[in-house]
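# Chain and residue survey
Below are the chains, spelled out letter by letter.
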Amino acid sequence: MTSLLVCSTPSHRTRATKPVLLGLLLAGLALTSVAEESDTTEFTGNAYDLDSGDLLYTEEHRLERVDGVPQRETVFYKTPEGDELAQKDMTYWQPARPAYRLTVVDPQRTETVEPNTDGVSIESVESGFLDWSDAEGYVIDGGFHYFILDHFDTLLDGDSVEFQFLAPTRTRWLGLRLRPIEQADGQLMLELNVRNRLLSLVISDIELTYDIETQRLLRYAGLTNLPKPGGGNYSANIEYTYPEGDQP
């Protein structure tokens, strides 16, 4: 093959091949650029106290995708006055199971979760390693949104979905159930609850509202993953807003 390319006497066949090769190269470059189309979406969430309705904090999201698949996401948590509460940096190893690093200002601590093919490494209040199992789906942190999107049609049909959610501060999986409770005005309302009966007595249900057409998360109401300065985590009603035309 090499000898044909270095032949000292070019033939008509060789000259004709050059534009063909060039055309194939340009076509390949075009396909590569399409396959690697990327975009960045920025959206916000305002977290309100469940009882008083007062603004507790805001979330500023910056999401990077390639071909619509999430790659990286940074979330800045800020007080109503604009002071920093925390920052979370996520890398989507898989859409439903991102790696992340959460850095909290008060109480000052860092939480790191790193999934791989064997399981997930956790550094938090407790640290350890959890294996995967083929028995059930596993979900990590904000990956629950993409898990919901994967099962959106099932939920629209009125069926429940069960999965295992990572509780990093306890280094364990928490069995959760997601069930549809209402469809109205183009919105799908879901309820997320703990499957363990004893734990369900101390962990309140979470309510989620999605826009059916865009599959955007519009509202999250319940316990959050953001620690409070006085201990425990915030419980909040978070309302999300998006730029026109963007769809995380």
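Residues numbered from 1 in each chain as written. Predicted model: local features only at pLDDT ≥ 70, side-chain atom pairs only at ≥ 80, totals over all residues. Heavy atoms only, no water.

## Brief notes about unusual backbone geometry
- Cis geometry is adopted by the peptide bond preceding Pro-107, which originates at Asp-106 and carries an omega value of 5°.
- Looking at where Pro-107 falls in the secondary structure, it is placed in the loop between strand S5 (97-104) and strand S6 (109-115).
- With a phi close to 50°, Thr-171 is a non-glycine residue in the positive phi region.
- Structurally, Thr-171 is set in the loop between strand S10 (161-167) and strand S11 (172-184).
- The exposure class of Thr-171 is buried, given its relative accessible area of 15%.
- Its identity is not glycine, yet Asp-185 carries a phi of approximately 55°, on the positive side.
- Along the polypeptide, Asp-185 turns up in the loop between S11 and strand S12 (187-194).
- For Asp-185, a relative accessible area of 80% puts it in the exposed group. (Helix = DSSP H or I, 4+ residues; strand = E, 2+ residues; numbered from the N terminus. Buried < 20%, exposed > 50% of the residue type's maximum accessible area, 1.4 Å probe, protein only.)

## Comments concerning the pairing of strand S2 (residues 55-66)
- Summarising the sheet, strand S1 (residues 38-49) and S2 pair through 11 bridges and their orientation is antiparallel. Its bridge partner lying in S2, Glu-42 is registered against Arg-62.
- Hairpin connection from S1 to S2: five residues lie between these consecutive antiparallel strands, with Gly-53 at a positive phi of about 80°.
- Relative to strand S3 (residues 69-78), S2 is paired through nine bridges, and the arrangement is antiparallel. Residue pairing for S3: Glu-60 is matched across the bridge by Phe-76.
- Hairpin remark: S2 followed by S3, antiparallel, with two residues in the connecting loop; positive phi at Asp-67, about 55°. (Pairing = 2+ DSSP bridges.)

## A look at empty space enclosed by the protein
- Counted by the stated rule, this structure contains one cavity of 30 Å³ or more.
- Put simply, the largest cavity is a space of about 30 Å³.
- Lining the largest cavity, in full, are Leu-85, Val-104, Asp-106, Leu-226, Pro-227, Pro-229 and Tyr-234.
- For the lining of the largest cavity, the residue count by class is six nonpolar, no polar and one charged. (1 Å grid on protein atoms, 1.4 Å probe; cavity = no way out; pocket = protein on both sides within 12 Å on 5 of 7 lines; lining within 4 Å. Points joined across faces, edges and corners; volume = space filled by probe spheres on them. Nonpolar A, V, L, I, M, F, W, Y, C, P; charged D, E, K, R; others polar.)

## What about the environment of Thr-44?
- Along the chain, the position of Thr-44 falls in strand S1.
- Residue Thr-44 is classed as partly exposed on the basis of its relative accessible area of 32%.
- Each C-alpha atom, one on Thr-44 and one on His-61, is 5.9 Å from the other, the two residues being 17 residues apart in sequence.
- In this structure the side chain of Thr-44 is engaged in a polar contact, spanning 2.8 Å, whose partner is the side chain of Thr-241. (Polar contact = N/O pair within 3.5 Å; in protein donor to acceptor, adjacent residues only side chain to side chain.)

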